[in-house]
Amino acid sequence: MENNIALKEKKFNRMITVVSVVIPIVVALLFGIKIPNVAPLTFLPPIYATINGLTAVLLVVAVWAIKNGKQSLHQKLMTTNIGLSLIFLVMYILYHMTSDSTPYGGEGVLSYVYYFILITHIILSIALIPLVLRTYAKAYLGRFEDHRILAKYTFPIWLYVAVSGVVVYLMISPYYAY
């Protein structure tokens, strides 16, 4: 039985590695592609910022749920968060394939704060892909102790990425061309 789980985990890890490499590359490539004859989807940024905010709230509720023995609720919330992250990613790509990137218009210290948050948000969002998938796979395979250990790292990074996504949106939203 343990050998079977180890084989499944090895397969998952290979898939997770591929997905973790392919997603950032595809996103970067799609940034250079504009869909012709399509109006800019300028309504999307507030929607995907809201998805980030909802993800942050649900992450906190999911931690509360597991700490209070509500494993089924925790599992549903975490699965929902993965779904929300996928929806965010699709909207984010669609927005950037139909709209020019908006430069940040702030100056001085705020500019440094904005770019620090933006850069850490981007780097950690890329690192988060394998962390979330591996953490989820550990639970799926019933390796709950390994899941808990990995979740101690995954949770704060995911929470930072979700919250910083909202902050980045709020900081740049005055400069969007609607």
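Because the structure is predicted, anything quoted here is derived from the model rather than measured.

J.: Before we go on, may I ask you to explain the nonpolar core in this structure?
T.: Nonpolar side chains tend toward joint burial in soluble globular proteins. Formed by 27 residues in total, the largest nonpolar core has its most connected members in Tyr-48, Tyr-114, Trp-158 and Tyr-176. Mapped onto this core, the elements with two or more residues apiece are α2 (44-67), α3 (71-98), α4 (109-140) and α5 (144-172). In this structure, Tyr-114 is in contact with Tyr-104, Val-168, Met-171 and Ile-172, ignoring residues within four places of it in sequence.

J.: When you look at the pattern of salt bridges in this model, what are you seeing that I'm missing?
T.: Two side chains that carry opposite charge are able to pair once their charged atoms sit near each other. If you walk through the whole model with that rule in mind, you get four salt bridges. With a shortest N-O distance of 2.4 Å, Glu-9 and Lys-138 are connected by a salt bridge. Separated by 129 residues along the polypeptide, Glu-9 in helix α1 (residues 2-31) and Lys-138 in helix α4 bring together distant segments of the chain. A relative accessible area of 18% places Lys-138 in the buried class. As a salt-bridge pair, Arg-143 and Asp-146 come within 3.9 Å of each other at their nearest N and O atoms. Judged by its relative accessible area of 19%, Arg-143 is buried. Connected via shared salt-bridge partners are Glu-9, Lys-138, Arg-143 and Asp-146.

J.: What exactly am I supposed to notice about a positive patch on the surface here?
T.: Residues Lys-8, Lys-10, Lys-11 and Arg-14 make up a contiguous surface patch of positive charge. Assignment of secondary structure puts Lys-11 in helix α1.

J.: Whenever I open this one, the packing of aromatic side chains confuses me. Can you help?
T.: In this description, a pair of aromatic rings is defined by centroid distance and the angle of the planes. Summed over all chains, the structure comprises twelve aromatic pairs. Here Tyr-48 and Tyr-95 contribute two aromatic rings whose centre-to-centre distance is 6.3 Å and whose plane-to-plane angle is 70°, an arrangement assigned as edge-to-face. Note that Tyr-48 is positioned in helix α2 and Tyr-95 in helix α3, a separation of 47 residues in sequence. Note on accessibility: Tyr-48 and Tyr-95 belong to one class, buried. A centroid spacing of 5.5 Å and a plane angle of 20° characterise the contact between Phe-88 and Tyr-92, whose relative ring orientation is stacked. In this pair, Phe-88 and Tyr-92 both sit in helix α3, four residues apart, roughly one turn of the helix. By the ring-pair criterion, three or more aromatic residues cluster together here, those being Phe-31, Tyr-48, Phe-88, Tyr-92, Tyr-95, Tyr-169 and Tyr-176.

J.: Would you mind showing me how to read α2 here?
T.: Quick reminder: α-helices carry 3.6 residues per turn. Residues three or four places apart thus point the same way. Spanning 24 residues, α2 covers 35 Å between terminal C-alpha atoms, matching the ideal 34 Å at 1.5 Å per step. For α2, the complete set of buried residues consists of Leu-44, Pro-45, Tyr-48, Ala-49, Ile-51, Asn-52, Thr-55, Ala-56, Leu-58, Leu-59, Ala-62 and Ala-65. Packing partners of the buried residues in α2 comprise α3 and α5. Immediately downstream of α2, the backbone of Gly-69 shows phi near 75°, a positive value.

J.: Even after reading the chapter, I still don't get the side chain of Arg-143, so can you show me in this structure?
T.: Counting through the fold element by element, Arg-143 comes out in the loop between α4 and α5. What Arg-143 contacts, discounting residues up to four positions off in sequence, is Glu-2, Ile-5, Ala-6, Glu-9 and Lys-138.

J.: Which parts of the structure should I look at to understand the layout of surface pockets?
T.: Which parts of space are left empty comes out when a probe the size of a water molecule is rolled across the atoms. The computed volume of the largest pocket comes to approximately 1,200 Å³. In this structure, the largest pocket is lined by 42 residues; those nearest its centre are Phe-88, Leu-89, Tyr-92, His-121 and Ser-125. Looking at the lining of the largest pocket, the elements with two or more residues in it are α1, α2, α3, α4 and α5. The element best represented in the lining of the largest pocket is α4, accounting for eleven residues. Across the lining of the largest pocket, the residue classes tally to 33 nonpolar, nine polar and no charged. Approximately 700 Å³ is the volume attributed to the second largest pocket. Lining of the second largest pocket is provided by 23 residues; of these, Ile-66, His-74, Met-78, His-147 and Ala-151 occupy positions nearest its centre. Mapped onto the lining of the second largest pocket, the elements with two or more residues apiece are α2, α3, α4 and α5. In terms of residues, the lining of the second largest pocket owes the most to one element, α5, which gives nine residues.

Parameters and conventions
- Residues numbered from 1 in each chain as written.
- Predicted model: local features only at pLDDT ≥ 70, side-chain atom pairs only at ≥ 80, totals over all residues.
- Heavy atoms only, no water.
- Core = buried A, V, L, I, M, F, W, Y, C linked by side-chain atoms within 4.5 Å.
- Buried < 20%, exposed > 50% of the residue type's maximum accessible area, 1.4 Å probe, protein only.
- Helix = DSSP H or I, 4+ residues; strand = E, 2+ residues; numbered from the N terminus.
- Contact = heavy atoms within 4.5 Å.
- Salt bridge = Lys/Arg side-chain N within 4 Å of Asp/Glu carboxyl O.
- Patch = residues over 30% accessible without salt bridge, like charges linked within 9 Å, V, L, I, M, F, W, Y side chains within 5 Å.
- Areas by Shrake-Rupley, 256 points an atom, 1.4 Å probe, with all protein chains shown as cover.
- Lys, Arg positive; Asp, Glu negative; His and termini not counted.
- Charge placed at Lys NZ, Arg CZ, Asp CG, Glu CD.
- Phe/Tyr/Trp six-rings, centres within 6.5 Å; stacked < 30°, edge-to-face > 60°.
- Expected span 1.5 Å × (residues − 1).
- 1 Å grid on protein atoms, 1.4 Å probe; cavity = no way out; pocket = protein on both sides within 12 Å on 5 of 7 lines; lining within 4 Å.
- Points joined across faces, edges and corners; volume = space filled by probe spheres on them.
- Nonpolar A, V, L, I, M, F, W, Y, C, P; charged D, E, K, R; others polar.

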